[in-house]
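Residue-level structure breakdown
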Amino acid sequence: MTADPAAVAAARQVLAHLGVTVTDLQSHPATPSVVPTVAEYLPRVVAAAGPGARRTYGTYWERMAAAWPDRPLDTITASDFEALKQAMIASAVSRRNSRNGRHAGEHLVAAARAFYRCAIADGLIDAAASPAHRVAKPRRLPGTRRALTAHELEEINAMARTSGNDVILDALILRLHTETAGRRGGALALRLVDLDATNGLVRLTEKGPTVRWQPITLDLAGHLREHAAARGAVLPTDALLRARNGQPITSRRYDHLWKRLGERLPWVAVHGISTHWLRHTTLTWVERHFGYGIARAYAGHTDSPGSSTTTYIKADLHDVANALSAMTGQPHPLARVANHAGTWSQANHVASPTSE
């Protein structure tokens, strides 16, 4: 295509003003932009990631940086990622709940895609050039978790209340997760200000910024308030669950709890029972007795995408309180009905901590 003479003349005037000739341009070609290496770019990805992403993907990002520390992002190929995925699957640590390394392979691909999404957003590579998005994730197998039976739940609660160095704390933890179906991160994030003992509510912060008020029995709310006060929680932002020394608990408390239970109840260790099984147990009961819509709200899934049917079956806080009241056999201030059938046995299903 022939250049516009007027545009050419204007360009020559600009060059003359800058003191640059066409020969100068030809002898000094434009310097191509430099694409950082994997190791150079990693700190930027980590800084831009949230706590959950860093916890889940951090190890895999480090493996990428260790495998290709000096290679620019645009030189990594899909076959490179496939080879690293296979290596991580082969070297995955074998645990009771392991799936022959499939989770390691799946997490690597997810981590790599998150890594390259940052590079695409920064304009370092084109979206079509991402090698991570051309590697298939291992197909996820059906989960092995299930709802615990009444007898199993009773055994777990009884053992937690009669062993260990802090049976009051352990009983509170199990009861809190059984009533709320909350995740471990939500319980660890609880602060004094997140407890409404008058209305029987706790504010759970789970999966990043997701926040919801979850009904609990007034009995549990009172025990939580007494526990926090006895162990030094004063300020609204002080942690609710605390060890005997007054320090907030960490995820290690959960690890020690289930390790101890597995040592005393072999079937717990064989099946890899964890706190998340309590979530399955409670939500299964709610779904069977109150239907999918209320179970979805009980789980805190009201904001997650689902089928169009979920638009018409949304449940509210009162519906969740109804289900809790029926499950525990205890009245709740926010429940719409006072009497329920089919309640869980309080002794078998909910651990009641002794007083501090």
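A brief look at the structure comes next. Fair warning: this is a prediction, and the values are worked out from it, not measured in the lab. (Residues numbered from 1 in each chain as written. Predicted model: local features only at pLDDT ≥ 70, side-chain atom pairs only at ≥ 80, totals over all residues. Heavy atoms only, no water.)

1. Side note on the packing of aromatic side chains
Using the following cut-off: Geometry of aromatic contacts follows a simple scheme: Phe, Tyr and Trp rings, the Trp one being its six-membered ring, pair when their centres are within 6.5 Å, and the pair is stacked under 30 degrees between planes, edge-to-face over 60, tilted otherwise. Strands are runs of DSSP state E lasting at least 2 residues, helices are runs of H or I lasting at least 4, and numbering of each runs from the N terminus. Using a 1.4 Å probe on the protein chains alone, a residue whose accessible area is under 20% of its type maximum counts as buried, one over 50% counts as exposed, and one in between counts as partly exposed.
If you walk through the whole model with that rule in mind, you get six aromatic pairs. Residues Trp68 and Phe81 carry aromatic rings whose centres are separated by 5.0 Å and whose planes lie at 80° to one another, so their mutual orientation is edge-to-face. Of this pair, Trp68 sits in the loop between α4 (51–67) and α5 (78–91) while Phe81 is found in helix α5, placing the two residues 13 residues apart along the sequence. Just as Trp68 is buried, Phe81 falls in that class too. Here the aromatic residues Tyr41, Trp68, Phe81, Phe115 and Tyr116 are joined through ring pairs into a cluster of three or more.

2. Re the sheet that holds strand β2 (residues 201–206)
Going by this rule: Strands were regarded as paired on the criterion that DSSP finds at least two bridges between them.
The strand order β1-β2-β3 describes an open sheet built from three strands, whose pairing is antiparallel. On the outer flanks of this sheet lie β1 (195–196) and β3 (210–215), each paired with one strand and no other. In the sheet, β1 pairs with β2 via two bridges, with the strands oriented antiparallel. If you follow Asp196 over to β2, its bridge partner there is Leu201.

3. Considering the packing of helix α13 (residues 275–290) against helix α15 (residues 317–328)
What counts is decided by this rule: The axes are straight lines fitted to the C-alpha atoms, using for helices just the contacting stretch, and the angles between their N-to-C directions are given from 0 to 180°. Working definition: roughly parallel below 35 degrees, roughly antiparallel above 145 degrees, roughly perpendicular at 65 to 115 degrees, and oblique for all remaining angles. Any two residues having at least one pair of non-hydrogen atoms within 4.5 Å are treated as being in contact. Nonpolar residues are Ala, Val, Leu, Ile, Met, Phe, Trp, Tyr, Cys and Pro. Charged residues are Asp, Glu, Lys and Arg, and all others, Gly as well, are polar.
Following both chains from N to C, one finds α13 and α15 inclined at 105°, their axes separated by 11 Å at the closest point. As judged from the angle between their axes, α13 and α15 are roughly perpendicular. Touching Thr282, Trp285, Val286 and Phe290 of α13 are Asn322, Ala323, Ala326 and Met327, all from α15. Residues of the contact of α13 with α15, tallied by class, amount to six nonpolar, two polar and no charged.

4. Here we look at the pairing of β2
Taken together, β1 and the strand that follows it, β2, pair antiparallel across an intervening segment of four residues, in which Gly200 is found at a positive phi of about 65°. Summarising the sheet, β2 and β3 pair through six bridges and their orientation is antiparallel. Within β3, the residue paired with Leu204 across the bridge is Arg212.

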